[in-house]
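If you want the building blocks of each chain, they are given just below.
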Amino acid sequence: MTHPAASQSDVLSEARAFFDEWVAHPEVRPPSSETVQARLREIALELDATGTYTHRFEELEFGARLAWKNSNRCIGRHLWRSLEVRDQRSLHQLPERESATSNALQSHINDAFRGGKIKSIVSVFAPRTPGKSDPVRMANHQLIRYAGFQTGTGTTGDPHSVEQTAHFMQAGWKPKTQDPFTPLPWQFYWNERPSPPQDVFTERPELLNEVTLVHPENEAFNELGLKWYALPLLADMALKIGGVVYPFAPFNGYYMGTEIGARNLADETRYNFLPDVAKCWGWDTSSNRSLWRDRSLVELNRAVLFSFDQAGITIGDHHNLGTQFEAFCAHEQSQNREIKGDWSWLNPPISASQTPQFHRDYTNDVCPHTNFFYQAPIWKEAKPSSGCPFHL
Ligand code: ARG
């Protein structure tokens, strides 16, 4: 599939908007307005000649950071300026492109994990050229993710991965085991044509960095055999900088405990572990009015934070991330920059009213020129765009 080209004047105006926003951040020492004007003339010529333009490294670096800053749904954006940006735009041209790309991603995981002191990194691969197929993408939603196997009676593993797991198996993946926490393989698409899935984590299990969940007081909880991986590393969103689309730009942050304890392991449509957690305390689950769900959520979330802390691995909680986000908003306001946000995402799934973000309003305008966007998965039949502003 080729992608419809944005008109050249659209790209140019998005490039201009990107540079304007850069200049509005004096604390990062942006280029002078003369430099910007000259650069925009150069970009206009390149657009005329090729239909796109090539970012200089400094543009890529600031652009990726700004895209993070512009991600309305992210509570961790106070760290935007420290994002490490890796320029991998030419790896797809190598004859050994698949192993080179796989190695680059393995290094990304290892360097981002940093022995537990997690660091945010984005690896930026080849940009889209209008009218051509994307040079490289992956089928994976995250680089580390558990499979979901459909059984006669239900699901073994993560229900969120069921469709994708079936896809990988159809593409030739033969999982060594089918347990609740089987890591998915990786699969590359070169010019939108699939390679066979590769089982990276059977070769390099040390890259998984899983945390076994234990509870500070309840020993029965430790028998549940719960765990989660340490590094959230999203691989299926598109990065756009000044009108140029990077369809493959995997990035990581660190977890907020509730993502694991109040969603991944707790949602009825995900691992659904709350009834098992409640049993460890002997709570009456016959009526929701006993608030056994709520009590179980709190204990499960304590276990997540306690276990990551014991393992010496970075994790945020909704209170400290809320406070840091609040400080970030205050700083932006002091610079006369309005901070955009999606209230429903910035609020945690538990105890929202105890965090500052609950008590604030946010404008949810999506910055169109420099941002991270959802996009149609490469491994599914193309679907018409949903019209959602967070979608490319
Ligand atoms: N919510 C997703 C998950 O539980 C991860 C999304 C990104 N999260 C982050 N902390 N950067 O796997």
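Our structure's up above, just so we're on the same page.
In this text the structure is predicted, and so the values were computed from the model without any measurement. (Residues numbered from 1 in each chain as written. Predicted model: local features only at pLDDT ≥ 70, side-chain atom pairs only at ≥ 80, totals over all residues. Heavy atoms only, no water.)

(A) Region of interest: the pairing of strand 1 (residues 84-87). Both strand 1 and strand 2 (residues 121-124) contribute to a ladder of four bridges, which runs parallel. Paired with Arg-86 across the two strands is Ser-123, which belongs to strand 2. Handedness of the crossover joining strand 1 and strand 2 through helix 4 (residues 97-113) is recorded here as right-handed. (Pairing = 2+ DSSP bridges. Helix = DSSP H or I, 4+ residues; strand = E, 2+ residues; numbered from the N terminus. Right-handed = clockwise from strand over helix to strand, strands pointing away.)

(B) The packing of aromatic side chains, seen in detail. The tally for this structure, following the rule as stated, stands at 24 aromatic pairs. Aromatic side chains Phe-181 and Tyr-271 sit 5.2 Å apart centroid to centroid with 10 degrees between the ring planes, which places their arrangement in the stacked category. Taken together, the positions of Phe-181 in the loop between helix 5 (162-170) and strand 6 (188-190) and Tyr-271 in the loop between helix 8 (257-264) and helix 9 (274-281) put the pair 90 residues apart, joining distant regions of the chain. Each member of the pair, Phe-181 as well as Tyr-271, is classed as buried. Relative to Phe-358, the ring of Trp-343 lies with its centre 5.4 Å away and its plane at 50 degrees, an arrangement referred to as tilted. Placement of the pair is Trp-343 in helix 12 (residues 343-346) and Phe-358 in the loop between helix 12 and strand 14 (371-373), with a sequence separation of 15 residues. (Phe/Tyr/Trp six-rings, centres within 6.5 Å; stacked < 30°, edge-to-face > 60°. Buried < 20%, exposed > 50% of the residue type's maximum accessible area, 1.4 Å probe, protein only.)

(C) How the structure looks around the pattern of salt bridges. A complete count under the given rule lists 25 salt bridges for this structure. Here Glu-27 ties to Arg-337 by a salt bridge, and the two come within 2.7 Å at their closest N and O atoms. With Glu-27 in the loop between helix 1 (8-23) and helix 2 (33-50) and Arg-337 in the loop between helix 11 (318-334) and helix 12, the pair connects residues that are 310 residues apart, well separated along the chain. Judged by relative accessible area, which is 10%, Arg-337 ranks as buried. Residue Asp-342 is joined to Arg-73 by a salt bridge in which the shortest nitrogen-to-oxygen separation is 3.0 Å. Highlighted residues: Asp-342 in the loop between helix 11 and helix 12 and Arg-73 in the loop between helix 3 (57-69) and strand 1, separated in sequence by 269 residues. It is possible to trace a salt-bridge network through shared partners that takes in Glu-27, Lys-69, Glu-332 and Arg-337. (Salt bridge = Lys/Arg side-chain N within 4 Å of Asp/Glu carboxyl O.)

(D) How the structure looks around helix 5. Residues of helix 5 that are buried: Val-162, Gln-164, Thr-165, His-167 and Phe-168. Buried positions along helix 5 lie against strand 4 (148-150), strand 5 (155-157) and strand 6. Looking at the residues trailing helix 5, positive phi occurs at Gly-172, about 110 degrees. (Contact = heavy atoms within 4.5 Å.)

(E) Spotlight on the sheet that holds strand 7 (residues 193-194). One open sheet accounts for three strands, arranged 3-6-7; its pairing is antiparallel. Across the chains shown, the open sheet's two edge strands, defined by having one partner strand only, are strand 3 (136-138) and strand 7. Pairing of strand 3 with strand 6, which is carried by three bridges, proceeds in the antiparallel orientation. When the sheet's bridge partners are listed, Val-136 is paired in strand 6 with Trp-190. Each of strand 3 and strand 6 is contacted by helix 4, which is oriented at about 135 degrees to strand 6, the strand it contacts most. (Axes fitted to C-alpha atoms, helices over the stretch in contact; angles between N-to-C directions.)

(F) Structural detail: the site of the ligand. Every residue near the ligand is listed here: Gln-142, Arg-145, Tyr-229, Pro-232, Leu-234, Tyr-254, Tyr-255, Glu-259 and Asn-264. One of the side-chain N or O atoms of Arg-145 is found 3.2 Å from an oxygen atom in the ligand. In the environment of the ligand, an oxygen atom lies 2.6 Å from a nitrogen or oxygen atom belonging to the side chain of Tyr-255. Here the ligand has 350 Å² of accessible area as a free molecule, and 74% of this is covered by the chains. Class assignment for the residues of the shell around the ligand results in five nonpolar, two polar and two charged. (Near = heavy atom within 4 Å. Polar contact = N/O pair within 3.5 Å; in protein donor to acceptor, adjacent residues only side chain to side chain. Areas by Shrake-Rupley, 256 points an atom, 1.4 Å probe, with all protein chains shown as cover. Nonpolar A, V, L, I, M, F, W, Y, C, P; charged D, E, K, R; others polar.)

(G) Here's a closer look at the side chain of Arg-337. At a separation of 2.7 Å, a polar atom in the side chain of Arg-337 contacts the side chain of Glu-27. Among the polar contacts listed, one links the side chain of Arg-337 to the side chain of Glu-332, at a separation of 2.6 Å. Among residues more than four places away in sequence, those in contact with Arg-337 are Ala-24, His-25, Pro-26, Glu-27, Lys-69, His-331 and Glu-332.

(H) How the structure looks around the environment of Leu-184. Mapped onto the elements of the fold, Leu-184 is located in the loop between helix 5 and strand 6. Leu-184 sits in the buried class, given a relative accessible area of 2%.

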